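Architecture at a glance
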Amino acid sequence: MGVLSCMKYLMFIFNVLVFAGGICLVGVGVWVAVDPDGFQDIVAAKPVLSAGAYLLLAVGIALSLLGFLGCFGALRRSRPLLLLFFILVSLVFVTQLVGAVLFLAHWKQIRPELFLSELRRNYCGDEGAEVFSVAWNTLMVTFSCCGVLGPEDFGNGSRFQELHPGTPWPRACCARDGLLQAGELLGWEQCQERSPGYIHEQGCFPTFGRTLQDYISVPGTCSLAVLGIEIFAMFFAFCLYYNFD
């Protein structure tokens, strides 16, 4: 009886955490949807981001309901609710496992061509006030990279060259003596001449690829931890189901 009570309360604590996590995701999803301080401008810039915001909201609601179902089933000693909880967690577990396998199998197949065409078509330069240009400027300065594959991305035929003929690339590609946009350029003329140390030769796509390669263990570890917690949740639900009258 002591072991059963312990399992019941562990099940309860786990589902309280799941419920709280779901509520947090719902809060973030609502925050994105209602647009505090202009965040909606960023989301509206790309339909994929907008869809991601509502997906986050849906996942948060699902987790909240799942956590509530597990808590209620454990406290009420309800076998039907525990069985339903076990089935739902099993479906979530299988979905996450399949998603993780597909991601690991295909993430290296992402090609830069789509990003490059978007950059050449929409990027307006350092003074561009629209969300796309501001985001790219921040990205290039923050991560010390230039374009998708390199400075050549801003060459003939690009929107940037149409607006700034004769300028080889934006100032965001140049090295600075400080952090982020607050830092002064080391030398605009040297940057235009492509002098070593004055321009970021590396494109942002390979930079992110290398960063992802270096830190893939972090999301991988978190994903394994979540899968492990779900396994324990299914185990507890299964045991309580067979021990409750």
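Given the structure is predicted, the values throughout are model-derived calculations rather than measurements.

1. Re the state of the cysteines
Applying the stated criterion to the full structure yields three disulfides. Residue Cys-146 pairs covalently with Cys-173 via a disulfide, S to S 2.0 Å. One quick way to see it: the torsion about the S-S bond of Cys-146 and Cys-173 is about 80°, and its sign makes the bridge right-handed. In this pair, Cys-146 is assigned in the loop between α6 (131-142) and α7 (159-163) and Cys-173 in the loop between α7 and α8 (188-192), connecting sequence segments 27 residues apart. The partner cysteine of Cys-174 in its disulfide is Cys-191, sulfur to sulfur 2.0 Å. Because the sign of the S-S torsion sets the handedness, a value of about -85° for the bond joining Cys-174 and Cys-191 places this disulfide among the left-handed ones. Placement of the pair is Cys-174 in the loop between α7 and α8 and Cys-191 in helix α8, with a sequence separation of 17 residues. Classification of Cys-174 as buried rests on a relative accessible area of 1%. A residue is classified by how much of its surface remains accessible, and Cys-191, at 0% relative accessible area, is buried.

2. Thoughts on a nonpolar patch on the surface
Residues Leu-83, Leu-84, Ile-87, Leu-88 and Leu-91 make up a contiguous nonpolar surface patch of about 400 Å² in total accessible area. Mapped onto the elements of the fold, Leu-84 is located in helix α4 (residues 79-106). The exposure class assigned to Leu-84 is partly exposed, which follows from its relative accessible area of 38%.

3. Looking at the packing of aromatic side chains
Aromatic ring pairs are reported here in terms of the distance separating the ring centres and the angle at which the planes meet. Going through the model one piece at a time under the given rule, you end up with five aromatic pairs. A ring pair is formed by Phe-154 and Phe-160, whose centres lie 5.6 Å apart and whose planes are at 70°; its orientation type is edge-to-face. With respect to class, Phe-154 is no different from Phe-160; both count as buried. Linked through ring pairs, Tyr-123, Phe-154 and Phe-160 together constitute an aromatic cluster. One Lys or Arg, Arg-171, reaches over the ring of Trp-188 and ends 4.5 Å from the middle of that ring.

4. Quick notes on the confidence of the model for the chain
In low-pLDDT regions, the fine details of the predicted coordinates are not to be read closely. Confidence in the prediction of the chain, expressed as mean pLDDT, is 78, and 77% of residues score 70 or more. Considering each helix and strand of the chain separately, the mean pLDDT is smallest for helix α2 (residues 39-45), with a value of 48, and largest for α7, with 93.

5. Digging into the nonpolar core
Within the largest apolar cluster, 20 residues are counted, with the highest numbers of intra-cluster contacts made by Leu-119, Tyr-123, Trp-136, Met-140 and Phe-154. When residues of this core are traced back to their parent elements, those giving at least two are α5 (113-122), α6 and α8. The dominant element in this core, judged by the number of residues it contributes, is α6, at four residues. Every residue in contact with Leu-119, bar those within four places of it in the chain, is listed here: Phe-132, Trp-136, Gly-147, Val-148, Asp-153 and Phe-154. Core analysis: the next-biggest nonpolar cluster, separate from the first, contains 19 residues, Leu-66, Ala-74, Val-89 and Ala-237 among them.

6. Let's talk about α6
Its twelve residues place the ends of α6 16 Å apart at the C-alpha level, agreeing with the 16 Å of an ideal helix rising 1.5 Å per residue. Every buried residue belonging to α6 is among Phe-132, Ser-133, Trp-136, Asn-137, Met-140 and Val-141, and all of these are buried. Each buried residue of α6 sits inside an arc of 150° when the element is viewed along its axis, so together they form one side. A positive phi of about 55° marks Ser-144, the residue just after α6.

7. Let's talk about α5
Residue pairs three or four apart in sequence face the same way in an α-helix, which turns once every 3.6 residues. For α5, the complete set of buried residues consists of Leu-116, Glu-118 and Leu-119. Down the axis of α5, the sector holding all buried residues measures 165°, keeping them to one side. Seen from the open side of α5, the exposed residues pointing more than 90 degrees away from its buried face are Glu-113 and Leu-114. Looking at the packing, one finds that the buried side of α5 touches α6.

8. As for the environment of Cys-71
By secondary structure assignment, the location of Cys-71 is in helix α3 (residues 47-75). Cys-71 sits 58 residues away from Ile-13 along the chain, and the two C-alpha atoms are 8.0 Å apart. Setting aside chain neighbours within four positions, we find Cys-71 in contact with Phe-12, Asn-15 and Val-16.

9. Description of the pattern of salt bridges
Two side chains that carry opposite charge are able to pair once their charged atoms sit near each other. What the rule picks out here adds up to four salt bridges. Put simply, Arg-159 and Glu-162 hold a salt bridge, and the shortest N to O gap is 3.4 Å. Placement of both Arg-159 and Glu-162 in helix α7 is noted, with a separation of three residues, approximately one turn of the helix. For Arg-159, a relative accessible area of 32% puts it in the partly exposed group.

Rules and cut-offs
- Residues numbered from 1 in each chain as written.
- Predicted model: local features only at pLDDT ≥ 70, side-chain atom pairs only at ≥ 80, totals over all residues.
- Heavy atoms only, no water.
- Disulfide = S-S within 2.5 Å.
- Helix = DSSP H or I, 4+ residues; strand = E, 2+ residues; numbered from the N terminus.
- Buried < 20%, exposed > 50% of the residue type's maximum accessible area, 1.4 Å probe, protein only.
- Patch = residues over 30% accessible without salt bridge, like charges linked within 9 Å, V, L, I, M, F, W, Y side chains within 5 Å.
- Areas by Shrake-Rupley, 256 points an atom, 1.4 Å probe, with all protein chains shown as cover.
- Salt bridge = Lys/Arg side-chain N within 4 Å of Asp/Glu carboxyl O.
- Phe/Tyr/Trp six-rings, centres within 6.5 Å; stacked < 30°, edge-to-face > 60°.
- Lys NZ or Arg CZ within 6 Å of the ring centre and 35° of its normal.
- pLDDT = per-residue confidence, 0-100.
- Core = buried A, V, L, I, M, F, W, Y, C linked by side-chain atoms within 4.5 Å.
- Contact = heavy atoms within 4.5 Å.
- Expected span 1.5 Å × (residues − 1).
- Arc of directions from axis to C-beta.

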